[in-house]
Amino acid sequence: MKRPVLVFDGDCGFCRLWIERARFATGDMVDYAPYQTAAALHKEVPREHFAEAIHLFEPGRTTRGAEAVLRALAYAPCMPWLPRFYAVPGVAPVSEAAYRFVAARRPLFTRLTRLLWGESTVPAPINLTVRIVLAGIGLCYLFAFVSLGAQARGLIGSDGIMPAAAMLASAKTQLGAARYWMFPSVAWLSSSDWALSAYCWLGGLASFGLVFGMAAGPCALICWTLYLSLSAIGADFMSFQWDVLLLEAGLIACFLAPWRRKAAAPSRGALWLLRLLLLKLMLQSGLVKILSGDPAWRDLTALIYHYWTQPLPTPLAWWFDRMPLWSHKVSCFILFVIEFAAPILILFPRRARAAGAAAIAALMLMIALTGNYGFFNALTIVLCLSCLDDRFLGRSEPARSNIAAPKARTWSINVVAALSLTIGLFQTLSLFGAVPPAPVRALIAAVSPLRSFNRYGLFAVMTRTRDEIAIEVSSDGREWLEWPFLYKPGDPRRAPPLVAPHMPRLDWQCWFAALGEPADSPWFGNLIFRLLEGSPSVRAQMGPNPLGSSAPLYARAMRYETAFASPERRRADGSWWTRTRKGLFFPVVSLKR
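Description of the structure in this document. All values reported here derive from a predicted model rather than from experimental measurement. (Residues numbered from 1 in each chain as written. Predicted model: local features only at pLDDT ≥ 70, side-chain atom pairs only at ≥ 80, totals over all residues. Heavy atoms only, no water.)

## As for the nonpolar core
One recurring pattern in soluble globular proteins is that nonpolar side chains are buried together.
Thought 1: Judged by nonpolar contacts, the single largest core of 127 residues is most densely connected at Tyr141, Tyr227, Ile471, Leu506, Trp523, Phe524 and Leu527.
Thought 2: Excluding its chain neighbours within four sequence positions, the residues that come into contact with tryptophan 523 are Ile161, Met162, Asp236, Phe237, Leu506, Gln509, Cys510 and Ala513. (Core = buried A, V, L, I, M, F, W, Y, C linked by side-chain atoms within 4.5 Å. Buried < 20%, exposed > 50% of the residue type's maximum accessible area, 1.4 Å probe, protein only. Contact = heavy atoms within 4.5 Å.)

## With respect to the sheet that holds strand β5 (residues 467-474)
Thought 1: The 4 strands lie next to each other as β6-β5-β7-β8, forming an open sheet whose pairing is antiparallel. The two strands at the open ends of the sheet, each matched to only one other strand, are β6 (481-483) and β8 (577-589). Here the average twist between neighbouring strands, direction ignored, is 40°.
Thought 2: Summarising the sheet, β5 and strand β7 (residues 554-564) pair through 8 bridges and their orientation is antiparallel. What sits directly across from aspartate 467, in β7, is glutamate 561.
Thought 3: Packed onto the sheet, helix α25 (residues 523-533) meets β5, β6, β7 and β8 and runs at close to 80° relative to β8. (Pairing = 2+ DSSP bridges. Helix = DSSP H or I, 4+ residues; strand = E, 2+ residues; numbered from the N terminus. Axes fitted to C-alpha atoms, helices over the stretch in contact; angles between N-to-C directions.)

## Digging into empty space enclosed by the protein
Thought 1: Scanning the model with the defined rule gives 5 cavities of 30 Å³ or more in all.
Thought 2: Roughly 40 Å³ of internal volume is contained in the largest cavity.
Thought 3: In this structure, the largest cavity is lined by Pro313, Tyr487, Lys488, Pro489, Gly490, Asp491, Arg494, Ala495, Pro496, Pro497 and Trp577.
Thought 4: For the lining of the largest cavity, the residue count by class is 7 nonpolar, 1 polar and 3 charged. (1 Å grid on protein atoms, 1.4 Å probe; cavity = no way out; pocket = protein on both sides within 12 Å on 5 of 7 lines; lining within 4 Å. Points joined across faces, edges and corners; volume = space filled by probe spheres on them. Nonpolar A, V, L, I, M, F, W, Y, C, P; charged D, E, K, R; others polar.)

## Here's the deal with unusual backbone geometry
Thought 1: Omega for the peptide link from alanine 500 to proline 501 comes to 10°, which places this bond in the cis form.
Thought 2: Residue placement: proline 501 occurs in the loop between β6 and α24 (505-513).
Thought 3: With a phi close to 50°, alanine 215 is a non-glycine residue in the positive phi region.
Thought 4: Along the chain, the position of alanine 215 falls in the loop between α12 (193-212) and α13 (216-233).
Thought 5: A positive phi is found at phenylalanine 459, a non-glycine position, where the angle reads about 55°.

## Examining helix α19 (residues 325-345)
Thought 1: With 21 residues, α19 extends 30 Å from end C-alpha to end C-alpha; this agrees with the ideal 30 Å at 1.5 Å per step.
Thought 2: Among the residues of α19, those classed as buried are Ser327, His328, Cys332, Leu335, Phe336, Ile338, Glu339, Ala342 and Pro343.
Thought 3: Its buried side turned inward, α19 meets α15 (268-291), α16 (295-298), α17 (303-309), α18 (315-321) and α20 (350-370). (Expected span 1.5 Å × (residues − 1).)

## Topic: the pairing of strand β4 (residues 61-64)
When a strand is regular, its side chains alternate between the sheet's two faces.
Thought 1: Bridge count for strand β3 (residues 55-58) against β4 is 4 bridges, and the pairing is antiparallel. For phenylalanine 57, the partnering residue across the bridge sits in β4 and is threonine 62.
Thought 2: Between β3 and β4, which pair antiparallel in sequence order, lie 2 residues; one of them, glycine 60, sits at a positive phi of approximately 80°.

## Considerations on the side chain of glutamate 472
Thought 1: In this fold, glutamate 472 is placed in strand β5.
Thought 2: Within the structure, glutamate 472 has its side chain in polar contact with the side chain of arginine 556 (distance 2.8 Å).
Thought 3: Reaching out from glutamate 472, the side chain makes a polar contact with the side chain of arginine 581 at a distance of 2.8 Å.
Thought 4: With near-sequence residues (within four places) excluded, glutamate 472 lies in contact with Trp480, Leu481, Glu482, Tyr554, Ala555, Arg556, Met558, Tyr560 and Arg581. (Polar contact = N/O pair within 3.5 Å; in protein donor to acceptor, adjacent residues only side chain to side chain.)

Set out below in structure tokens:
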């Protein structure tokens, strides 16, 4: 059967750009020809009409303008519904008016098209982009597993602060068979110290598969399963937003990564899920600040507190804190521009999307310069890379694959997309006080144990003071010596650390504990008990024992008001911090009593 022919103005740059896109969409189903050569074959149409609008010639039918566009695109896969859409009352006059508006301003829209898409409107290949994004997610998994592997026994081991085995035993008693869904973890097989370490190091080994592109699909699933397993039993120590962000990105990576050596082309749908995850992360992070009602965010003064009250500042934070007020306000304004405007650009064409991602990546680099946030900044930058394509990376031609995408992959991506979009939408609306319908609440509760469909938002309310907890030990109950932590502020002369992408979870949790009372952080009493008991794995999470090799007989915790030292104090005695004792945080305890 004779194929339809779409005749266009070959001298119009705008027409050539979008005919290229239409040819890509319809493939061999439609022929395309400039009217400068094709007009002689279609004398039933006056030549001047070809200069006004495109024409589609189908057997027994000729259409022009917007109708011709829709009927031509209907030959593309999954788009046969377009002619029926055109027949909906009201659609035809609106679409034809829009077509005439654009046609009368083709030079303007040509420039706009090149600004947003570049020199081609054909979807750019993504093979190399996907490869780099998967390698980036693999690196973040590697950072996370190795960092946790060095801490797991002290945090959740048998002689750790919050033993996972005890938590699992309690869950078994209280939840019965439901425990396997509420706490999805391979630790149900074994939660011994050896097993906890093995899960971390096996996850780190599997992450190399993502980094180097070897068995990437199975390795992505292994990483996600093991990190979910450790998060489920990690209690407060695995409750940070970048932990669930890694799980959410990691779940998507399972569908983005190839599962066979000769695999189908990467899924654009899965890549878009990563882009939408970045949008959700940034947009919700901005909304929680504005909607919290904190005047420090609304009057742009939050950053005069941020650099010294954040959990683990870097040395550069001290210098940034010295900036004048106007600089803090300008920086805060730029922060809001990035958190609100840049995510919206992700929904725009490729060049605008890349610009938005570049702005977010720049913000992440600035945050990393002044604060230790584990692998959060690196992971967010990896999500920014998902907004690129291979043309940005210097590759124009995709690696050819004639293998059709497995139906199971397509179905799975559609399910994850439906869950992610539905839950993400209602989670965002809930920031405004909207209550999700009962079925949506049930859905959110059902999938929450997977920790892969999350709401985000850091520093909704800016802290304006900084309290620090100092643990003191004694061998006689009269002379007290401070037992330093590895990274958080203690000795005023010790410089703030630079430890990212390592995530010192005990030091971070102490920052949260200092915001409240001991009853708000039940794990703190366990920490004191383990130090008195002499647990080697817990002691390894702390600095040097001030009593040397002797075990303390008594312990207590003091609260200090802490702030960055002034430049004058810094020059005088080298102090980075000032601190003033406020009183007792945790009472004197002893195992000898």
